[in-house]
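Summary of the model geometry
Chain by chain, the residues:
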Amino acid sequence: MVIPMGSLSGMTAKVTLSFSDETIEEARRFAKREGMSLSAWIDQAAREKALREVFTEHAAAVGRAGMDLESAALADAREVGMVDDLLFRGRPRAA
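Each value, and the rule that gives it
- Residues numbered from 1 in each chain as written.
- Predicted model: local features only at pLDDT ≥ 70, side-chain atom pairs only at ≥ 80, totals over all residues.
- Heavy atoms only, no water.
- Salt bridge = Lys/Arg side-chain N within 4 Å of Asp/Glu carboxyl O.
- Helix = DSSP H or I, 4+ residues; strand = E, 2+ residues; numbered from the N terminus.
- Patch = residues over 30% accessible without salt bridge, like charges linked within 9 Å, V, L, I, M, F, W, Y side chains within 5 Å.
- Areas by Shrake-Rupley, 256 points an atom, 1.4 Å probe, with all protein chains shown as cover.
- Phe/Tyr/Trp six-rings, centres within 6.5 Å; stacked < 30°, edge-to-face > 60°.
- Buried < 20%, exposed > 50% of the residue type's maximum accessible area, 1.4 Å probe, protein only.
- Core = buried A, V, L, I, M, F, W, Y, C linked by side-chain atoms within 4.5 Å.
- Contact = heavy atoms within 4.5 Å.
- Expected span 1.5 Å × (residues − 1).
- Arc of directions from axis to C-beta.
- Axes fitted to C-alpha atoms, helices over the stretch in contact; angles between N-to-C directions.
- Parallel < 35°, antiparallel > 145°, perpendicular 65-115°, else oblique.
- Left-handed = near helix turned anticlockwise from the far one by under 90°.
- Nonpolar A, V, L, I, M, F, W, Y, C, P; charged D, E, K, R; others polar.

Scanning the model with the defined rule gives four salt bridges in all. One salt bridge connects Arg28 with Glu25, and the closest N-O pair in it is separated by 2.9 Å. Of this pair, Arg28 and Glu25 both sit in helix 1 (residues 21–33), three residues apart, roughly one helical turn. For Asp43, the salt bridge goes to Arg47, with nearest N and O atoms at 2.5 Å. With Asp43 and Arg47 both in helix 2 (residues 38–64), this residue pair falls four residues apart, about one helical turn.

Below is the structure:
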């Protein structure tokens, strides 16, 4: 079953959040541009941020382990590509 990225289907938690006026207006604009609900867009943005943190920590661990950084960077780039494919399903990623 594929859940459309722009819908609330599959959302499991309802929370109250506070944002600055500027942040929420930008988020609304990006969500509209991508044809998504604000909730779905914020969910995706939070998921992307979490994945970036995981990849950053992974790269740091690789560096501490003294592994070949070039090979590790190429492997990370492939992983990022796979995650992008999963998250965006062929849609262009927001800048």
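Next, the rest of the story.
So, about a nonpolar patch on the surface. On the surface, Val15, Leu17 and Phe19 cluster together into a nonpolar patch covering about 300 Å² of accessible area. With respect to the helices, strands and loops of the structure, Leu17 is situated in the segment before helix 1.

Turning our eyes to something else, we now look at the packing of aromatic side chains. Scanning the model with the defined rule gives one aromatic pair in all. Ring centres of Phe30 and Trp41 lie 5.8 Å apart, and the angle between their planes is 15°; on these two criteria the pair is classed as stacked. Highlighted residues: Phe30 in helix 1 and Trp41 in helix 2, separated in sequence by 11 residues. Trp41 sits in the buried class, given a relative accessible area of 16%.

The subject of this paragraph is the nonpolar core. Core analysis: the biggest nonpolar cluster contains five residues, these being Ala27, Ala31, Met36, Ala40 and Trp41. Elements that contribute at least two residues to this core include exactly helix 1 and helix 2. For Ala31, the residues in contact, after removing those within four places along its chain, are Met36, Ser37, Leu38 and Trp41.

This paragraph deals with helix 3 (residues 69–88). When the terminal C-alpha atoms of helix 3 are compared, their 27 Å separation across 20 residues agrees well with the 28 Å that a helix rising 1.5 Å per residue should span. Within helix 3, the full set of buried residues consists of Ala72, Asp76, Val83, Asp84, Leu87 and Phe88. For helix 3, the buried positions fall inside an angular range of 120° around the axis, keeping them on one side. The outward face of helix 3, more than 90 degrees from its buried face, is lined by the exposed residues Glu70, Arg78, Met82, Asp85 and Leu86. On its buried side, helix 3 packs onto helix 2. Where helix 3 ends, the next residue or the one after it, Arg89, has phi of about 45°, a positive value.

Where helix 2 meets helix 3, the axes come as close as 11 Å, and the angle between the chain directions of the two elements is 165°. Taken together, helix 2 and helix 3 sit at an angle that is classed as roughly antiparallel. The element helix 2 and its partner helix 3 pack so that their crossing is right-handed. On the side of helix 2, the interface is formed by Gln44, Arg47, Glu48, Leu51, Phe55, His58, Ala59, Val62 and Gly63, while helix 3 contributes Leu69, Ala72, Asp76, Glu79, Val80, Val83, Leu87 and Phe88. Here the contact of helix 2 with helix 3 is built from residues that sort into 10 nonpolar, three polar and four charged.

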